[in-house]
Amino acid sequence: TQGGPIANRLLERLPLLEAAAPRRAQRQLIELIAQLVEAMLHDPALRLPVRAALARLQLPLLRVALGDPQLLDELQHPAWALCNRLGRHTLGFDDDGDPRLCALVEGVEVLFAELATAPQAD
(Lines give C-alpha, C1' and ligand atoms only; values in the text may rest on other atoms or scores of the structure.)
Protein backbone atom coordinates (compact mmCIF):
# COMPACT_ATOMS: atom_id res chain seq x y z
CA THR A 1 0.00 0.00 0.00
CA GLN A 2 0.99 3.64 -0.14
CA GLY A 3 0.94 4.40 3.56
CA GLY A 4 -1.64 4.78 6.23
CA PRO A 5 -4.75 6.90 6.30
CA ILE A 6 -4.56 10.67 6.31
CA ALA A 7 -6.83 12.46 8.73
CA ASN A 8 -10.02 13.86 7.32
CA ARG A 9 -10.36 16.85 9.64
CA LEU A 10 -13.77 17.67 8.19
CA LEU A 11 -15.21 14.25 9.03
CA GLU A 12 -13.56 14.33 12.46
CA ARG A 13 -15.23 17.67 13.21
CA LEU A 14 -18.45 17.05 11.29
CA PRO A 15 -20.83 17.33 14.27
CA LEU A 16 -19.22 20.61 15.36
CA LEU A 17 -19.22 22.03 11.82
CA GLU A 18 -22.82 21.03 11.24
CA ALA A 19 -23.89 22.51 14.57
CA ALA A 20 -22.39 25.85 13.53
CA ALA A 21 -24.27 25.86 10.22
CA PRO A 22 -27.55 27.78 10.52
CA ARG A 23 -29.30 26.19 7.53
CA ARG A 24 -29.97 22.59 6.57
CA ALA A 25 -28.53 23.14 3.09
CA GLN A 26 -25.24 24.28 4.63
CA ARG A 27 -25.10 21.21 6.86
CA GLN A 28 -25.68 18.99 3.83
CA LEU A 29 -22.97 20.81 1.90
CA ILE A 30 -20.50 20.38 4.75
CA GLU A 31 -21.20 16.65 4.84
CA LEU A 32 -20.88 16.35 1.06
CA ILE A 33 -17.53 18.16 1.00
CA ALA A 34 -16.30 15.98 3.89
CA GLN A 35 -17.24 12.85 1.90
CA LEU A 36 -15.56 14.17 -1.27
CA VAL A 37 -12.40 14.91 0.72
CA GLU A 38 -12.58 11.40 2.17
CA ALA A 39 -12.61 9.94 -1.34
CA MET A 40 -9.57 12.01 -2.37
CA LEU A 41 -7.61 11.15 0.76
CA HIS A 42 -8.13 7.44 0.23
CA ASP A 43 -7.68 7.31 -3.55
CA PRO A 44 -5.15 4.50 -4.06
CA ALA A 45 -4.14 5.96 -7.43
CA LEU A 46 -2.61 8.99 -5.69
CA ARG A 47 0.80 8.87 -4.05
CA LEU A 48 0.89 9.45 -0.28
CA PRO A 49 2.62 12.87 -0.54
CA VAL A 50 -0.06 14.03 -2.97
CA ARG A 51 -2.85 12.88 -0.66
CA ALA A 52 -1.10 14.61 2.25
CA ALA A 53 -0.95 17.84 0.20
CA LEU A 54 -4.62 17.51 -0.72
CA ALA A 55 -5.42 17.09 2.98
CA ARG A 56 -4.25 20.67 3.45
CA LEU A 57 -7.01 21.80 1.10
CA GLN A 58 -9.83 20.51 3.30
CA LEU A 59 -10.71 23.74 5.06
CA PRO A 60 -10.10 26.05 2.07
CA LEU A 61 -12.29 23.78 -0.06
CA LEU A 62 -15.06 23.90 2.53
CA ARG A 63 -14.80 27.69 2.76
CA VAL A 64 -15.06 27.97 -1.03
CA ALA A 65 -18.03 25.60 -1.09
CA LEU A 66 -19.89 27.60 1.54
CA GLY A 67 -19.21 30.86 -0.25
CA ASP A 68 -19.56 29.81 -3.88
CA PRO A 69 -22.57 27.67 -4.81
CA GLN A 70 -21.10 27.20 -8.31
CA LEU A 71 -18.57 24.77 -6.84
CA LEU A 72 -21.06 21.92 -7.02
CA ASP A 73 -22.50 22.96 -10.38
CA GLU A 74 -19.31 23.34 -12.41
CA LEU A 75 -16.92 20.49 -13.00
CA GLN A 76 -14.47 23.06 -14.34
CA HIS A 77 -14.61 25.14 -11.14
CA PRO A 78 -11.06 26.30 -10.23
CA ALA A 79 -11.12 24.29 -6.99
CA TRP A 80 -11.83 21.03 -8.81
CA ALA A 81 -9.43 21.95 -11.62
CA LEU A 82 -6.65 22.38 -9.05
CA CYS A 83 -7.33 19.00 -7.42
CA ASN A 84 -7.69 17.23 -10.77
CA ARG A 85 -4.53 18.73 -12.25
CA LEU A 86 -2.49 17.79 -9.22
CA GLY A 87 -3.83 14.24 -9.35
CA ARG A 88 -3.33 13.82 -13.10
CA HIS A 89 0.14 15.34 -13.05
CA THR A 90 1.33 12.98 -10.32
CA LEU A 91 -0.25 9.70 -11.48
CA GLY A 92 2.90 8.52 -13.25
CA PHE A 93 5.14 8.56 -10.18
CA ASP A 94 6.03 5.19 -8.67
CA ASP A 95 8.15 6.39 -5.76
CA ASP A 96 7.04 8.73 -2.97
CA GLY A 97 10.67 9.87 -2.69
CA ASP A 98 11.10 10.82 -6.35
CA PRO A 99 12.84 14.22 -6.29
CA ARG A 100 10.52 15.58 -9.00
CA LEU A 101 7.44 14.57 -7.02
CA CYS A 102 8.92 15.98 -3.82
CA ALA A 103 9.70 19.31 -5.51
CA LEU A 104 6.19 19.53 -6.94
CA VAL A 105 4.52 18.68 -3.64
CA GLU A 106 6.75 21.17 -1.80
CA GLY A 107 5.68 23.95 -4.17
CA VAL A 108 2.04 22.94 -3.96
CA GLU A 109 2.14 22.90 -0.18
CA VAL A 110 3.33 26.52 -0.14
CA LEU A 111 0.32 27.47 -2.27
CA PHE A 112 -2.05 25.39 -0.15
CA ALA A 113 -0.71 27.00 3.06
CA GLU A 114 -1.46 30.42 1.56
CA LEU A 115 -4.98 29.28 0.66
CA ALA A 116 -5.54 27.95 4.18
CA THR A 117 -4.62 31.26 5.80
CA ALA A 118 -6.18 33.60 3.22
CA PRO A 119 -8.79 35.89 4.74
CA GLN A 120 -11.18 35.07 1.89
CA ALA A 121 -11.51 31.74 0.14
CA ASP A 122 -11.76 32.52 -3.55
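Residues numbered from 1 in each chain as written. Predicted model: local features only at pLDDT ≥ 70, side-chain atom pairs only at ≥ 80, totals over all residues. Heavy atoms only, no water.

Draft legend 1. Region of the structure containing the packing of helix H6 (residues 78–90) against helix H7 (residues 99–117). In the contact formed by H6 and H7, the axes pass within 12 Å of each other and the chain directions differ by 170°. Relative to H7, H6 is oriented roughly antiparallel. Across the interface between the two elements, Leu82, Leu86, His89 and Thr90 of H6 pack against Leu101, Leu104, Val108, Leu111, Phe112 and Leu115 of H7. In terms of residue class, the contact of H6 with H7 is built from 8 nonpolar, 2 polar and no charged. (Axes fitted to C-alpha atoms, helices over the stretch in contact; angles between N-to-C directions. Helix = DSSP H or I, 4+ residues; strand = E, 2+ residues; numbered from the N terminus. Parallel < 35°, antiparallel > 145°, perpendicular 65-115°, else oblique. Contact = heavy atoms within 4.5 Å. Nonpolar A, V, L, I, M, F, W, Y, C, P; charged D, E, K, R; others polar.)

Draft legend 2. Structural view of helix H5 (residues 58–67). Those residues of H5 that fall on the buried side of the exposure criterion are Gln58, Pro60, Leu61, Leu62, Val64 and Ala65. On the buried face of H5, the contacting elements are helix H1 (9–12), helix H2 (14–20), helix H3 (24–41), helix H4 (48–55), H6 and H7. (Buried < 20%, exposed > 50% of the residue type's maximum accessible area, 1.4 Å probe, protein only.)

Draft legend 3. View of the nonpolar core. By size, the foremost hydrophobic cluster in this structure holds 31 residues, and its most contacted members are Ile33, Val37, Val50, Leu54, Leu61 and Leu71. Looking at this core, the elements that each hand over two or more residues are H3, H4, H5, H6 and H7. When residues of this core are assigned to their parent elements, the largest contribution, 7 residues, is made by H3. Once you skip the residues sitting within four places of it in the chain, Val50 turns out to touch Leu86, Thr90, Leu101 and Val105. (Core = buried A, V, L, I, M, F, W, Y, C linked by side-chain atoms within 4.5 Å.)

Draft legend 4. Geometry of the side chain of Arg51. Examined against the element boundaries, Arg51 turns out to sit in helix H4. It turns out Arg51 is buried and unbridged, and the closest side chain with the opposite charge, Asp96, is 6.5 Å from it. A polar atom in the side chain of Arg51 sits 3.4 Å from the backbone oxygen of Leu41. (Lys, Arg positive; Asp, Glu negative; His and termini not counted. Salt bridge = Lys/Arg side-chain N within 4 Å of Asp/Glu carboxyl O. Polar contact = N/O pair within 3.5 Å; in protein donor to acceptor, adjacent residues only side chain to side chain.)

Draft legend 5. Just H3, in detail. For H3, which comprises 18 residues, the first-to-last C-alpha distance of 26 Å matches the rise-based estimate of 26 Å (1.5 Å per residue) to within 8%. Buried within H3 are the following residues: Gln26, Leu29, Ile30, Ile33, Ala34, Val37, Met40 and Leu41. Along H3, the residues classed as buried sweep out an arc of 135° about the axis, all on the same side. Turned more than 90 degrees off the buried face of H3, the exposed positions are Arg24 and Ala39. Each element contacted by the buried residues of H3 is listed here: H1, H2, H4, H5 and H6. (Expected span 1.5 Å × (residues − 1). Arc of directions from axis to C-beta.)

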